[in-house]
Amino acid sequence: MVSNHSSVHTSKGSAPMPLIERQLMEKFRLLDVNGDGVLCQRELKLAFDKWGAWFAGYRAHRGLYHADGNRDGYIDKDEFRDLVKYAIQRGYTVK
């Protein structure tokens with residue numbers, strides 16, 4: 001479990017992103033099983049299942065609900081940060 005709350009800058013002029021958030025974003029990006037650049041509910045379920053979530057399907061549904069701002073049924077690169085914030089709120093960390 002990572003408990004380091006160091007910050008790194010995401011891009012020039014943007015606010016610093018906590019290390020744990022950056023690491024979780026990278027974990028979610030790696031879960032794009034089919035390489036289409038977005039995460040679907042099935043991929044989210046696989047992720048939460050892999051991380052030992054109880055009721056991984058439910059957790060994936062809730063993650064999609066919290067992060068899918070345009071309601072297209074996918075988490076795109078612009079929505080990853082919202083997904084990560086949801087995961088952090090639920091207690092998921094990088095191991």
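This text follows the structure it describes.
Just so it is clear, the structure is predicted and the values come from calculations on it, not from any experiment. (Residues numbered from 1 in each chain as written. Predicted model: local features only at pLDDT ≥ 70, side-chain atom pairs only at ≥ 80, totals over all residues. Heavy atoms only, no water.)

### Let's talk about the nonpolar core
So, step 1. Core analysis: the biggest nonpolar cluster contains 21 residues, and Phe-28, Leu-39, Leu-44, Phe-48, Ile-75 and Leu-83 have the highest contact counts within it.
So, step 2. Secondary-structure elements contributing two or more residues to this core are α1 (19–30), α2 (41–50), α3 (56–67) and α4 (80–89).
So, step 3. Top element by residues in this core is α4. It accounts for five residues.
So, step 4. When sequence neighbours within four positions are dropped, the list of residues in contact with Leu-83 reads Phe-28, Leu-39, Leu-44, Gly-63, Ala-67 and Ile-75. (Core = buried A, V, L, I, M, F, W, Y, C linked by side-chain atoms within 4.5 Å. Buried < 20%, exposed > 50% of the residue type's maximum accessible area, 1.4 Å probe, protein only. Helix = DSSP H or I, 4+ residues; strand = E, 2+ residues; numbered from the N terminus. Contact = heavy atoms within 4.5 Å.)

### Things to note about unusual backbone geometry
So, step 1. Phi is positive for Phe-55, which is not a glycine, with a value near 55°.
So, step 2. The class of Phe-55 is exposed, set by a relative accessible area of 66%.
So, step 3. Phi at Arg-71 takes a positive value of approximately 55°, unusual for a residue other than glycine.
So, step 4. Among the secondary structure elements, Arg-71 is positioned in the loop between α3 and α4.
So, step 5. Under the relative-accessibility criterion, Arg-71 is labelled exposed at 52%.

### Details of the packing of aromatic side chains
So, step 1. Taken as a whole and judged by the stated rule, the model has zero aromatic pairs.
So, step 2. The positively charged end of Arg-71 is found above the aromatic ring belonging to Tyr-65, 5.0 Å away from the centroid. (Phe/Tyr/Trp six-rings, centres within 6.5 Å; stacked < 30°, edge-to-face > 60°. Lys NZ or Arg CZ within 6 Å of the ring centre and 35° of its normal.)

### What to know about α2
So, step 1. For α2, the complete set of buried residues consists of Glu-43, Leu-44, Ala-47 and Phe-48. Within α2, the buried residues cover an arc of 135° as seen down the axis, which keeps them to one side.
So, step 2. Gly-52, located one to two residues past α2, shows a positive phi value of around 80°. (Arc of directions from axis to C-beta.)

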